[in-house]
Amino acid sequence: MSKYIFKGLSTILIVSLLLIFTAVPVLAFDARSGKTITVSSGEVIDGDLYVAADTIIINGTINGDFCACGRTITVNGPVKGSVMAAGETINIIGEVGHAVRAGGRTINISGNVHGDVMVGCSQVNVASTAKISGDLLFGAENACIDGLIEGDVKGGGKEVSLGDGIKGNVALEVKSLTILPTANI
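Residues numbered from 1 in each chain as written. Predicted model: local features only at pLDDT ≥ 70, side-chain atom pairs only at ≥ 80, totals over all residues. Heavy atoms only, no water.

*Asks:* In this structure, what is going on with the environment of V124? I would like to understand it.
*Replies:* When you line up the elements, V124 lands in strand 9 (residues 117-126). In contact with V124, other than residues within four places in its own chain, are I107, V119, F138, A140, N142, A143 and C144. (Helix = DSSP H or I, 4+ residues; strand = E, 2+ residues; numbered from the N terminus. Contact = heavy atoms within 4.5 Å.)

Printed below as a string of structure tokens:
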């Protein structure tokens, strides 16, 4: 009798473990594509948003990560997760809860980023209104870094301009370095 109980319990245990370890988690995401994609002001995306379009405008809230590929990408609204973008022109105006990873021709950051920023582009501009809570890593032909960078700044470029908002270490490989008039470096 105990032999049958042991077999039954073993079978139940094996089936239970298989069900637990083979269950597919449900992930919430939204995927959109087209010529122009706009997330309207007041619209809330609960989860990640993946977009491929010529023009992408985010005015609403994304409660996850935002991944985009397009010619012009503008993030005006808050993104609670990270931003990953590839495009000709990328504008980060709204608040980003985690990191920004972007590649393109021109990348403009004037909002707050609560993590690291890693960019590769021809021109990167970190406006005086921007605050990056982590590190800034860049590879750009031209870079103007005038915002508050609480972490380290590492990068390379042909012409780089620095303001006085860098709190961490600076390691640059540049051809021409300009210290902006407000800088105390």
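Read on, since the account is not over.
*Asks:* I would appreciate a short explanation of the sheet that holds strand 10 (residues 131-132) in the present structure.
*Replies:* Picture the strands of a sheet paired through backbone hydrogen bonds; they go either parallel or antiparallel. Strand order in the open sheet formed by three strands is 8-10-12, with parallel pairing between adjacent strands. Each of the sheet's edge strands pairs with one partner strand only, and the pair in question is strand 8 (112-113) and strand 12 (148-149). Bridging between strand 10 and strand 12 involves two bridges; their strand directions are parallel. Within strand 12, the position partnered with I132 by the bridge is I149. (Pairing = 2+ DSSP bridges.)

*Asks:* Teacher, can you tell me more about the sheet that holds strand 6 (residues 83-92) here?
*Replies:* Within the open sheet, the nine strands sit side by side as 1-3-5-6-7-9-11-13-14. Their pairing is parallel. Looking at which strands have only one partner, the edges of the open sheet turn out to be strand 1 (29-39) and strand 14 (170-179). Going from strand to strand, the sheet's axes swing by 5° on average, the running direction of each strand aside. (Axes fitted to C-alpha atoms, helices over the stretch in contact; angles between N-to-C directions.)

*Asks:* I would appreciate a short explanation of the layout of surface pockets in the present structure.
*Replies:* A water-sized probe rolled over the atoms picks out the places where empty space is left. In this model, the largest pocket occupies a volume close to 150 Å³. For the largest pocket, the full set of lining residues is A99, V100, R101, D116, V117, M118, D135, L136, L137, D152 and K154. Each residue belonging to the lining of the largest pocket can be placed in one class, and the counts come to six nonpolar, no polar and five charged. (1 Å grid on protein atoms, 1.4 Å probe; cavity = no way out; pocket = protein on both sides within 12 Å on 5 of 7 lines; lining within 4 Å. Points joined across faces, edges and corners; volume = space filled by probe spheres on them. Nonpolar A, V, L, I, M, F, W, Y, C, P; charged D, E, K, R; others polar.)

*Asks:* How should the nonpolar core be read in this particular structure?
*Replies:* Across soluble globular proteins, nonpolar side chains have a tendency to be buried as a group. Residues F66, V124, L136 and F138 are the most contacted members of the largest nonpolar core, which totals 41 residues. At the level of elements, strand 1, strand 3 (48-58), strand 5 (66-75), strand 6, strand 7 (100-109), strand 9, strand 11 (136-145) and strand 13 (153-162) are the ones that each hand at least two residues to this core. Those residues in contact with L136 that lie beyond four places of it in its chain are V117, V126, I145, I149, D152, V153 and K154. (Core = buried A, V, L, I, M, F, W, Y, C linked by side-chain atoms within 4.5 Å. Buried < 20%, exposed > 50% of the residue type's maximum accessible area, 1.4 Å probe, protein only.)

*Asks:* When you look at the pairing of strand 9 in this model, what are you seeing that I'm missing?
*Replies:* The side chains of a regular strand alternate between the sheet's two faces. Across nine bridges, strand 7 lies against strand 9 in parallel orientation. Looking across to strand 9, one finds that G103 is bridged to G120.

*Asks:* Whenever I open this one, the environment of E141 confuses me. Can you help?
*Replies:* Structurally, the position occupied by E141 is in strand 11. In this view, E141 contacts C121, S122, G157, K158 and E159; residues no more than four positions away in its chain are not counted.

*Asks:* Explain the pattern of salt bridges to me, please; I cannot follow it from the model alone.
*Replies:* Opposite charge on two side chains permits pairing when their charged atoms draw close. Taken as a whole, this structure holds seven salt bridges when the rule is applied. Residue E150 is joined to K131 by a salt bridge in which the shortest nitrogen-to-oxygen separation is 3.6 Å. Note that E150 is positioned in the loop between strand 12 and strand 13 and K131 in strand 10, a separation of 19 residues in sequence. The class of E150 is partly exposed, set by a relative accessible area of 38%. By relative accessible area, which is 30% here, K131 ends up partly exposed. Salt bridges sharing common partners tie together K35, D54, R71, E88 and R105. (Salt bridge = Lys/Arg side-chain N within 4 Å of Asp/Glu carboxyl O.)

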